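Architecture and fold: a report
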Amino acid sequence: MTAHPALVPLPRSVAVIEGDPFRLTAQTPVIADPDAAAAARRILSTATAQTLALPAEASPSSPALTLSHTSDIAPPGAYRLVAADTGVEISAAGAEGLAAGLHTLAQLLTPTSEGWRVPAVRIDDAPRFAYRGLMLDVARHFFPVADVRAIIDRAASLKLTHLHLHLTDDQGWRLQLRAHPALTDAASGSAIGGGPGGFYTQEDYRDIVAYAAARHITVVPEIDLPGHTHAVGLAYPHLAADPVVTPELVAEAAGRGEALPAAGAPYTGLGVGFSSLRLDEEATFDFVADVLGELAHLTPGPYLHLGGDEAFGTAADEYDAFLSRVTQLVADLGKVPVTWHDAGRADVAPETVGQYWGLTTPDAAGADAALAFVRRASGVILSPADAVYLDMKYDDDTPRGLTWAGGPTSVRRAYEWDPVSVIDGIADDDIVGVEAAVWTETIDDLAGLDAMMFPRLAAAAEAAWSAPLGSTPERSWESFRRRVGGLGPLWRRQEIVFHPDRQIAWTGE
Ligand code: ACM
């Protein structure tokens, strides 16, 4: 048997079968419904960096690419792919599974003088977790719609299903709201390091949501509350508490040569935990209800993320009462609230999903807060910061990035963890999914996002999609470093400016 093909995330089963390879050319017929045929043209043209016509008319002499619906393949995202010289057939229950199969086909292509070679292979594949996410922080630095679209394409190519947009933070408010135009008029024009900032109009946001939906990705918007809210005070000074400037914050700011946060002035530093909304004011609750109501109306997906992390400037009793009330408000809007795991200690609405961002070896408080969501049976999304915070440096020489989350975080560290092993007492069924996060304190363009995300996003995608670490010989670091290295030529054709990490066995082409 030849070597396992370079596929990431690792499929459930891959069998190299008898037969000559398939040759895909621009004239390969596609037998499919119109939407699936359009998806094939889009995904395979991007993967080959060529415009592939893939005509709809089949001729008996040309082996075809056939995409068909079969109700017996489950869950959503699952597919079967059979390739040989006589044709390629991808079957799935729906469009999401067909797209997943097409992304696998994209990884199987090798250029030759007679078209794109696909090895004779049979793949039966299905995801481990339904929620496979990527968080993008557009608050510390702002990223225009074109960049967000590029990130959606990258996420889709690794079979991710959710894009979590961290839309607000101390440094800026990035979403236009009709009821509160002051938020973007007064609080969007700043970013870390003094950059220009920016915001999404409602049309921009709808564009992002629709572009994502066409790629089977659901947008999860986050309004971080009640901390990480310094920017709100630029628009509504009466709703924001004065910054809590601790000796640690003073020392850190001095070390970085930054100004301290000051009420009413844009904050452009890297400090966290100093801001809070005023929770003793009923006007704050009216404001939050308006913001979340409008956001729920704009967002077709089921989740609204409320943050809840690092609210060190908020009194504990006020924090607990606020999280309890605001998660219930979101539930009453017909959405599923999501919070960072910090809110586990509060009496949140029972349907609230917790997002764990502690380390792969949790401290007792972090594990306990995460377990609170499991006890309420709503479950957790796992984002262990020392594995899947993709803004951590790879090593001491990485030009961008931070190290606070147990970093630097090598590709191997990003790979060698399993979701079910992070928190004692949490089983697969308690896990909603896995989400990688890219915070953008030190990243301000798409090339920077690419360099920090790739190849580590592929490791996170494998944790979310594939069987548990160590459960098969291929679900191992040695296999991953070879398989992901085989994706270098595809990533170059997709114009992904990946980090050429020395731990990876990169293939030339
Ligand atoms: C976080 O990293 N503060 C969620």
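Before going into details, it helps to say that this report is about the structure given with it.

**Some points on the overall build of the chain**
What the chain contains, in helices and strands, is 16 helices and 19 strands. Against the globule reference of 23 Å for 509 residues, the chain gives a C-alpha radius of gyration of 23 Å, in line with a compact fold. Along the three orthogonal principal directions, the C-alpha set of the chain runs to about 75 × 45 × 45 Å. By residue count, 59% of the 509 residues in the chain fall in the buried class.

**Remarks on unusual backbone geometry**
Note the cis peptide between V8 and P9, where omega equals 0°. Summarising the element assignment, P9 is placed in the segment before β1 (13-16). Following G407, the chain continues into P408 via a peptide bond in cis, with omega recorded as 0°. Tracing the backbone shows P408 in the loop between α11 (385-388) and α12 (411-415). Here the phi dihedral of A49 falls at roughly 55°; this positive angle occurs in a residue that is not glycine.

**Comments concerning the sheet that holds strand β18 (residues 380-382)**
Within the closed barrel, the eight strands sit side by side as β10-β11-β14-β15-β16-β17-β18-β19. Their pairing is parallel. Sheet twist, expressed as the mean angle between neighbouring strand axes with direction ignored, is 30°. For strand β16 (residues 336-340) and strand β17 (residues 353-356), the ladder comprises three bridges, and the chain directions are parallel. Paired with T339 across the strands is G354, a residue of β17. Lying over the sheet, helix α10 (residues 364-375) contacts β16, β17 and β18, oriented at roughly 155° with respect to β17. Contacting β10 (131-137) and β19 (431-438), helix α14 (residues 456-465) runs over the sheet at an angle of about 175° to β19.

**Quick word on the side chain of T352**
Along the chain, the position of T352 falls in the loop between β16 and β17. Polar contacts involving the side chain of T352 include one to the main-chain carbonyl oxygen of A349, which spans 2.6 Å. With residues up to four places along the chain from it excluded, the contact list for T352 reads T327, P337, T339, F373 and S378.

**Some thoughts on the pairing of β16**
With four of five residues buried, β16 is to be regarded as a mostly interior element. For strand β15 (residues 303-307) and β16, the ladder comprises three bridges, and the chain directions are parallel. Bridge pairing in β16 links Y303 to V336. Once you follow β15 into helix α9 (residues 316-332) and on to β16, the crossover reads as right-handed.

**Here's the deal with the packing of aromatic side chains**
Taken as a whole and assessed by the stated rule, the structure comprises 17 aromatic pairs. Ring centres of W491 and F498 lie 5.6 Å apart, and the angle between their planes is 65°; this geometry places the pair in the edge-to-face category. Here the two residues W491 and F498 agree in accessibility, since each one is buried. Each member of the aromatic cluster is reached from another via a ring pair, and the members are W340, W357, Y389, W404 and W439. Here the guanidinium or amino end of R215 rests over the ring plane of Y211, the centre of that ring lying 3.5 Å away. Note that R376 overlies the ring of F373, its terminal NZ or CZ placed 5.1 Å from the centroid.

**Notes on the side chain of D137**
Its location among the elements puts D137 in strand β10. When near neighbours in sequence (up to four residues on either side) are disregarded, D137 contacts F143, H166, V438, W439 and T440.

**Here's the deal with the packing of helix α8 (residues 282-298) against α9**
The interhelical angle for the contact between α8 and α9, taken along N-to-C directions, is 30°, at an axis separation of 10 Å. Here α9 runs roughly parallel to α8, going by the angle between their axes. Handedness of the α8/α9 crossing: right-handed. Here E282, F285, V288, A289 and L292 of α8 come into contact with α9, specifically with F322, R325, V326, L329 and V330. Counted by class, the contact of α8 with α9 contains eight nonpolar, no polar and two charged residues.

**Let's talk about the packing of α14 against helix α15 (residues 477-485)**
Running from N to C, α14 and α15 point in directions that differ by 125°, and their axes come no closer than 11 Å. Taken as axis vectors, α14 and α15 run oblique relative to one another. Where α14 crosses over α15, the handedness of that crossing is right-handed. Across from A458, A459 and E462 in α14, the residues of α15 making contact are F480, R483 and V484. Looking at the contact of α14 with α15 residue by residue, the class counts come to four nonpolar, no polar and two charged.

**Here's the deal with helix α3 (residues 145-157)**
The end-to-end C-alpha distance of α3 is 18 Å, a good match for the 18 Å that 13 residues give at a rise of 1.5 Å each. The element α3 is largely enclosed, with a buried count of ten among its 13 residues. Taken together, the buried positions of α3 are V145, D147, V148, A150, I151, I152, R154, A155, A156 and S157. Along its buried surface, α3 packs onto α2 (95-108), β10, β11 (162-166), α5 (202-213) and α13 (446-453). Just downstream of α3 lies K159, where phi reads positive at about 65°.

Parameters and conventions
- Residues numbered from 1 in each chain as written.
- Predicted model: local features only at pLDDT ≥ 70, side-chain atom pairs only at ≥ 80, totals over all residues.
- Heavy atoms only, no water.
- Helix = DSSP H or I, 4+ residues; strand = E, 2+ residues; numbered from the N terminus.
- Rg over C-alpha atoms; globule rule 2.2 N^0.38 Å.
- Buried < 20%, exposed > 50% of the residue type's maximum accessible area, 1.4 Å probe, protein only.
- Pairing = 2+ DSSP bridges.
- Axes fitted to C-alpha atoms, helices over the stretch in contact; angles between N-to-C directions.
- Contact = heavy atoms within 4.5 Å.
- Polar contact = N/O pair within 3.5 Å; in protein donor to acceptor, adjacent residues only side chain to side chain.
- Right-handed = clockwise from strand over helix to strand, strands pointing away.
- Phe/Tyr/Trp six-rings, centres within 6.5 Å; stacked < 30°, edge-to-face > 60°.
- Lys NZ or Arg CZ within 6 Å of the ring centre and 35° of its normal.
- Parallel < 35°, antiparallel > 145°, perpendicular 65-115°, else oblique.
- Left-handed = near helix turned anticlockwise from the far one by under 90°.
- Nonpolar A, V, L, I, M, F, W, Y, C, P; charged D, E, K, R; others polar.
- Expected span 1.5 Å × (residues − 1).

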